[in-house]
Number of protein chains: 2
Amino acid sequence: MAKINKNFQKLKSSYLSVQINKRTKAFQVKHPGSQIYKLGIGNTTEPLPGSVISGLQAGVDKLSDVKTYTGYGEETGDNRLREALSEKYSKNGIILDFQEIFISDGAKPDTANIQSIFSIDSVVAVQDPVYPVYVETNVIAGRTGEYENGKYKGLVYLPCTKENNFVPYLPEIKVDLMYLCSPNNPTGAVLTKEQLKKFVDYALKNKAIIIYDAAYEAFIRNNDLPHSIYEIEGAKECAIEVGSFSKSSGFTGVRVGWTVVPMDLVGEDAKKGEVNALWARRQVTMFNGASNIAQEGALAVLSDKGQKECNKIVAYYMENAQIIKTAFDNLGFEVFGGENAPYIWIKTPGKLTSWEFFDKLLDEAHVVGTPGSIFGPHGEGYFRLSAFGHREDIEKAVKSIEEKLKI
Amino acid sequence: MAKINKNFQKLKSSYLSVQINKRTKAFQVKHPGSQIYKLGIGNTTEPLPGSVISGLQAGVDKLSDVKTYTGYGEETGDNRLREALSEKYSKNGIILDFQEIFISDGAKPDTANIQSIFSIDSVVAVQDPVYPVYVETNVIAGRTGEYENGKYKGLVYLPCTKENNFVPYLPEIKVDLMYLCSPNNPTGAVLTKEQLKKFVDYALKNKAIIIYDAAYEAFIRNNDLPHSIYEIEGAKECAIEVGSFSKSSGFTGVRVGWTVVPMDLVGEDAKKGEVNALWARRQVTMFNGASNIAQEGALAVLSDKGQKECNKIVAYYMENAQIIKTAFDNLGFEVFGGENAPYIWIKTPGKLTSWEFFDKLLDEAHVVGTPGSIFGPHGEGYFRLSAFGHREDIEKAVKSIEEKLKI
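Fair warning: this is a prediction, and the values are worked out from it, not measured in the lab.

Participant: Sorry if this is basic, but what is going on with the overall build of chain A here?
Facilitator: Secondary structure summary: chain A contains 13 helices and 15 strands in total. For 407 residues, the compact-globule estimate of 2.2 N^0.38 gives 22 Å, and the C-alpha radius of gyration of chain A, at 21 Å, lies within 12% of that figure. Split into buried and exposed, the 407 residues of chain A put 64% on the buried side. Counting contacts in chain A only where the partners sit at least 6 residues apart, residues at least 24 apart contribute 73% of the total. Of the accessible surface of chain A, which amounts to about 15,000 Å², a share of 49% is contributed by carbon and sulfur atoms.

Participant: I keep staring at the packing of helix α12 (residues 354-365) of chain A against helix α13 (residues 391-404) of chain A and nothing clicks. Help me out?
Facilitator: When two helices pack together, their arrangement is given by the angle between the helix axes and the distance between those axes. Residues and elements named next belong to chain A. Relative orientation of the contacting elements α12 and α13 amounts to 95 degrees, with a least axis distance of 9 Å. Classified by the angle between their axes, α12 and α13 sit roughly perpendicular to one another. Together, L361, E364 and A365 of α12 and S400, I401 and K404 of α13 make up the contact between the two elements. In the contact of α12 with α13, the residues fall into 3 nonpolar, 1 polar and 2 charged.

Participant: Would you take a moment to explain the sheet that holds strand β7 (residues 177-181) of chain B for this structure?
Facilitator: Either a parallel or an antiparallel arrangement is found when strands of a sheet pair, and the pairing is made through backbone hydrogen bonds. All names here are of chain B. One open sheet accounts for 7 strands, arranged β2-β10-β9-β8-β7-β3-β6; its pairing is mixed. Here the strands that pair on one side only, and so sit at the sheet edges, are β2 (101-104) and β6 (156-159). Along the sheet, successive strands turn relative to each other by an average axial angle of 20 degrees, direction set aside. Summarising the sheet, strand β9 (residues 239-244) and strand β10 (residues 257-260) pair through 4 bridges and their orientation is antiparallel. When the sheet's bridge partners are listed, S244 is paired in β10 with G257. Each of β2, β9 and β10 is contacted by helix α4 (residues 79-90), which is oriented at about 120 degrees to β2, the strand it contacts most.

Participant: Is there a simple way to think about the interface of chain A and chain B in this case?
Facilitator: Interface size, as often reported, equals the accessible area lost upon joining of the parts. Contact residues are listed per partner, giving 80 residues for chain A and 78 residues for chain B. Carbon and sulfur atoms make up 59% of the surface buried where chain A meets chain B, a total of about 6,700 Å² over both sides. Considering only the side of chain A, the residues that lose the most area to chain B are M1, Y72 and R281 of chain A, jointly responsible for 12% of the buried surface there. In this assembly, chain A and chain B are joined by 6 salt bridges. Across the pair D269 of chain A and K6 of chain B runs a salt bridge whose closest N-O atoms are separated by 2.5 Å. One can count 42 residue pairs in polar contact (both at pLDDT 80 or more) joining chain A with chain B.

Participant: Got a minute to help me understand unusual backbone geometry in this structure?
Facilitator: Leave glycine aside and you will find that most residues have negative phi; peptide bonds, for their part, are mostly trans. Residues and elements named next belong to chain A. Omega for the peptide link from N185 to P186 comes to 20 degrees, which places this bond in the cis form. Located in the positive-phi region is F166, a residue other than glycine, with phi close to 65 degrees. Turning to its location among the elements, F166 is positioned in the loop between β6 (156-159) and β7 (177-181).

Participant: Honestly, the sheet that holds strand β11 (residues 335-337) of chain A in this entry has me stumped. Any pointers?
Facilitator: All names here are of chain A. Ordered by their spatial adjacency, 4 strands build an open sheet running β11-β12-β15-β14, and the pairing between neighbours is antiparallel. Edge positions in the sheet fall to β11 and β14 (370-371), since each has one partner strand and no second. Where strand β12 (residues 343-347) lies against strand β15 (residues 382-386), 5 bridges are found, and the strand directions are antiparallel. Note that in β15 the partner of I346 across the bridge is F383. Most of the contacts of α12 go to β15, to which it runs at about 45 degrees, and overall it touches β12, β14 and β15.

Participant: Explain the packing of aromatic side chains here, please?
Facilitator: To describe a pair of aromatic rings, one takes the distance between the centres and the angle between the planes. Residue and element names in this part refer to chain A. Following the criterion strictly, the structure yields 38 aromatic pairs over all chains and no others. Ring geometry for Y134 against Y179: centres 4.9 Å apart, planes inclined by 15 degrees, an arrangement best described as stacked. Of this pair, Y134 sits in helix α6 (residues 132-141) while Y179 sits in strand β7, placing them 45 residues apart in sequence. With a relative accessible area of 1%, Y179 lands in the buried category.

Participant: Which parts of the structure should I look at to understand helix α4 (residues 79-90) of chain A?
Facilitator: Helical geometry note: an α-helix holds 3.6 residues per turn, so side chains three or four residues apart project in the same direction. With 12 residues, α4 of chain A should reach 16 Å at 1.5 Å per residue; the first-to-last C-alpha distance of 16 Å fits that figure. The inward-facing, buried residues of α4 of chain A abut β2 (101-104), β9 (239-244), β10 (257-260) and α10 (292-301) of chain A.

Participant: Help me out: how do you make sense of the relation of the copies chain A and chain B in this one?
Facilitator: Superposition of the two copies of the chain requires a rotation about an axis and a shift along the axis. Expressed as a screw transformation, the operator carrying chain A onto chain B has a rotation angle of 180 degrees and an axial translation of 0.0 Å, and the superposed copies differ by an RMSD of 0.0 Å. Taken together, these values place the two copies in the relation of a two-fold axis. For chain A, the residue whose C-alpha comes nearest the rotation axis is Q57 of chain A, separated from it by 3.3 Å. Most of the interface of chain A is mirrored in chain B, where 98% of its interface residues again form contacts.

Participant: How should I be thinking about the pattern of salt bridges in this particular structure?
Facilitator: Side chains that differ in sign of charge can pair as their charged atoms come close. What the rule picks out here adds up to 35 salt bridges over all chains. Here K62 of chain B makes a salt bridge to E296 of chain B, at a shortest N to O gap of 2.8 Å. Pair noted here: K62 of chain B is in helix α3 (residues 50-62) and E296 of chain B is in helix α10 (residues 292-301), with a separation of 234 residues, a long-range link. A residue is classified by how much of its surface remains accessible, and K62 of chain B, at 29% relative accessible area, is partly exposed. Residue classification places E296 of chain B among the buried residues on the basis of a relative accessible area of 14%. Look at the salt bridges and you will find they share partners, linking K62, D78, R80 and E296 of chain A into a network.

Participant: Explain the environment of E334 of chain B to me, please; I cannot follow it from the model alone.
Facilitator: All names here are of chain B. Assignment of secondary structure puts E334 in the loop between α11 (304-330) and β11 (335-337). Between the C-alpha atom of E334 and that of T285, which follows or precedes it by 49 residues, the distance is 48 Å. Engagement of the side chain of E334 in a polar contact is seen with the side chain of K162, the distance being 3.0 Å.

Participant: Looking at this structure, how should I read the pairing of β12 of chain A?
Facilitator: Looking along a regular strand, one sees the side chains alternate between the two faces of the sheet. Counting buried residues in β12 of chain A gives 4 out of 5 residues, a clear majority hidden from the surface. Between the end of β11 of chain A and the start of β12 of chain A, which pair antiparallel, lie 5 residues, with G338 of chain A showing a positive phi angle near 75 degrees.

Participant: I tried to follow the environment of D121 of chain A on my own but got confused; where do I start?
Facilitator: Note on placement: D121 of chain A falls in the loop between α5 (107-113) and β3 (124-128). Put simply, D121 of chain A and D176 of chain A are 55 residues apart on the chain and 9.2 Å apart in space, counted from C-alpha to C-alpha. Residue contacts for D121 of chain A: discarding those within four places in its chain leaves D176 of chain A together with K3 of chain B.

Participant: Explain a negative patch on the surface to me, please; I cannot follow it from the model alone.
Facilitator: Taken together, E83, E87, D97 and D304 of chain A make up a surface patch of like negative charges. Mapped onto the fold, E83 of chain A is located in helix α4.

Participant: Even after reading the chapter, I still don't get the nonpolar core, so can you show me in this structure?
Facilitator: Within the largest apolar cluster, 104 residues are counted, with the highest numbers of intra-cluster contacts made by I210 and F245 of chain A together with I210 and F245 of chain B. Leave out the neighbours within four places in its chain, and I210 of chain A touches M178, L180, F199, V200, A203, I229, C238, A239 and I240 of chain A.

Participant: Help me understand the packing of helix α3 (residues 50-62) of chain A against helix α11 (residues 304-330) of chain A in this model?
Facilitator: All names here are of chain A. As a packed pair, α3 and α11 sit with axes 8 Å apart at the nearest point and diverge in direction by 130 degrees. Classified by the interaxial angle, the pair formed by α3 and α11 is oblique. Listed contacts from α11 to G50, S51 and V52 of α3 are K305, G306, E309 and C310.

Participant: Looking at this model, I keep getting lost on the side chain of D128 of chain A. Mind explaining?
Facilitator: Residue and element names in this part refer to chain A. For D128, the position within the fold is in strand β3. Here D128 occupies a buried position and makes no salt bridge, while the nearest side chain of opposite charge, K151, is found at 5.4 Å. Setting aside residues up to four positions removed in sequence, D128 forms contacts with Y157, L158, P159, C160, F375, G376, P377, H378 and G379.

Participant: Any chance you could explain the environment of E46 of chain B here in plain terms?
Facilitator: Residue and element names in this part refer to chain B. For E46, the position within the fold is in the loop between β1 (37-38) and α3. The class for E46 is buried, based on a relative accessible area of 12%. Spatially, the C-alpha atoms of E46 and F388 are 8.6 Å apart, while their sequence positions differ by 342 residues. For E46, the side chain forms a polar contact with the side chain of T45, separated by 2.8 Å. A distance of 2.6 Å separates polar atoms of two side chains, one belonging to E46 and the other to H390.

Calculation notes
- Residues numbered from 1 in each chain as written.
- Chains lettered and ligands numbered in written order.
- Predicted model: local features only at pLDDT ≥ 70, side-chain atom pairs only at ≥ 80, totals over all residues.
- Heavy atoms only, no water.
- Helix = DSSP H or I, 4+ residues; strand = E, 2+ residues; numbered from the N terminus.
- Rg over C-alpha atoms; globule rule 2.2 N^0.38 Å.
- Buried < 20%, exposed > 50% of the residue type's maximum accessible area, 1.4 Å probe, protein only.
- Contact = heavy atoms within 4.5 Å.
- Areas by Shrake-Rupley, 256 points an atom, 1.4 Å probe, with all protein chains shown as cover.
- Axes fitted to C-alpha atoms, helices over the stretch in contact; angles between N-to-C directions.
- Parallel < 35°, antiparallel > 145°, perpendicular 65-115°, else oblique.
- Nonpolar A, V, L, I, M, F, W, Y, C, P; charged D, E, K, R; others polar.
- Pairing = 2+ DSSP bridges.
- Buried area = accessible area lost by both parts, 1.4 Å probe.
- Salt bridge = Lys/Arg side-chain N within 4 Å of Asp/Glu carboxyl O.
- Polar contact = N/O pair within 3.5 Å; in protein donor to acceptor, adjacent residues only side chain to side chain.
- Phe/Tyr/Trp six-rings, centres within 6.5 Å; stacked < 30°, edge-to-face > 60°.
- Expected span 1.5 Å × (residues − 1).
- Least-squares fit on C-alpha atoms with pLDDT ≥ 70 in both.
- Patch = residues over 30% accessible without salt bridge, like charges linked within 9 Å, V, L, I, M, F, W, Y side chains within 5 Å.
- Lys, Arg positive; Asp, Glu negative; His and termini not counted.
- Charge placed at Lys NZ, Arg CZ, Asp CG, Glu CD.
- Core = buried A, V, L, I, M, F, W, Y, C linked by side-chain atoms within 4.5 Å.

Below, the structure written as structure tokens:
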């Protein structure tokens, strides 16, 4: 008699985009014909640049010719792409062998699946607010108890609020796995090298492993901020890093990401090389490689021309961020993020909850954003705005907010 | 103190291709310059036909233009593709709503991940020999005990040998989940409607769920054989079906597959619609959709022209199968499969084990195949040959076998 995995029943609500789409659709039904401005989901909008399109086209062309056609690739990724990523890291002074870099179909599946190689009784710490995937995948795996008062029992929440500049304090109890996202989704905060060092030192001391989500590193403008956790001494012994082509290169739909599992990484019961081998085994067993066409595109992204062209698009989104940030600043909001991340994190005015502000912004200015409470209990009273969008739409949204939002 | 998932340590050996590559490389080192003929892995070799290339190119072109660029798609797949698959099923008399069809990056990840929505204490049955992914993903999840005498404790093995024409008997004990693959990898056997009906009836009676891997359905030549489990009455209440563009359309590297979870499907503690919702939740949480370019290619595959062109390539591989089958027949081997599946399954001569025959075939004829024992204890004494390959290579391999293999 087939029974379901009951951990799914612990999951609070459906994934954030589903919930937001529901309310947005309800608004559209109530106000047919109204223009809605979307500053909600962090979804890229600008077309891929020429060099990347050429790379993808070459990838397709290869499949049309018997001499260049390829079927299954390595589950761990095209070695040329692994080498190219290794070279990208080396420009930043980080030496990684290509075998420490695993190509995947994106940072979301990787941050979702990485927990499966660790013990089911691992104590897991997450930032609060947090990208829901880290939390929900551990719920599904059975590492938490029930959902109560906005939290899953057994999960260690590290509050990130304006009081600590959205930089979490170290866990008060010993944890085994710790997810860190910097530049942060949703708060837009970026850990400095000094701040990150504290976490690395904590992990080394407690033999904990950090899962470091660097999907937004390309958005860092301040040269002093670290793009990779491996800029911190000792991090190779205690940190897995996840990277992505999604936001930096417009690959949200194309689907390529990567995960670094250094050979030096150790755990309580895993010697050097063993965690790397474990992730390789997971990928070989449960995954069949990212699309070969998409990987050709990713290779083009990493070319000199590709990097220049993609950086321009990143700069464009960051100009959007500046426009949104300035507008809310001028309206007297408390505004965070948006300097080194494509997310602007605002304090909701007065005593409005996140969802109350969502409804107010939608009703009055016809703008859709993301309620902070969706990201965890300490997201309550905050609101996320995404800098991804066409300039004209961002400007229209901002104008609508400036003209129609009742402060 | 981060600890690993110890279930990984139960896994017997690394994934089959890794093991075979190792021995093949060792042979190459010993015999430099020798031509090796590969009839091992089921990897497509023929270029994609024109209509599919056009579809993929259109997918790339869309991303170059701001008016047609798309970022994140639905995690459950492009609805046009879901509708097109629904239409494909309807031509076979099977009515499925598009919401019952989930697009993914392939049948391997789907057959690997589907177990995660079911209870950890589910009793799992597999055919023996079997595609290792079904087994190993359940080992990693913790549904089995240790590996002993070729089997994982707690797993129910359903022997498939020449004595039962590779059609398993029903489980003797009640099982909760049962993986069936037809056309079968590795044996090439295809379940008739009558045989399949027995499994459906068993599942309905015991409220078990069948995970039906139909990745090779396009290779069926005999019109009386079922292409889908939903051709059997009652199957929608007890079966999940996994499909793939990999082998039928040359998408092994492009990566698109799908999984059907009917709304009518029920479990011990899941009413109609609930298992469908569970899989949707899993995909939304842990996956971010198949590559948009690849999905455009899949749409082209399902066009009338695409189907005609892809069917020609399938026919080409099946002619390869006939060539291999005939050669081994003529050499006096006991030969199975290859009629409605791209795999030929032979009994090793004399008392040779699967690996002994692997070494013999490699040493004498320079041909790489796949030892049957890799697929489970009842694969011992058998050997798999794959019909995927260029005609000239297949012919050379067969000639080498005919001339050099010492019988």
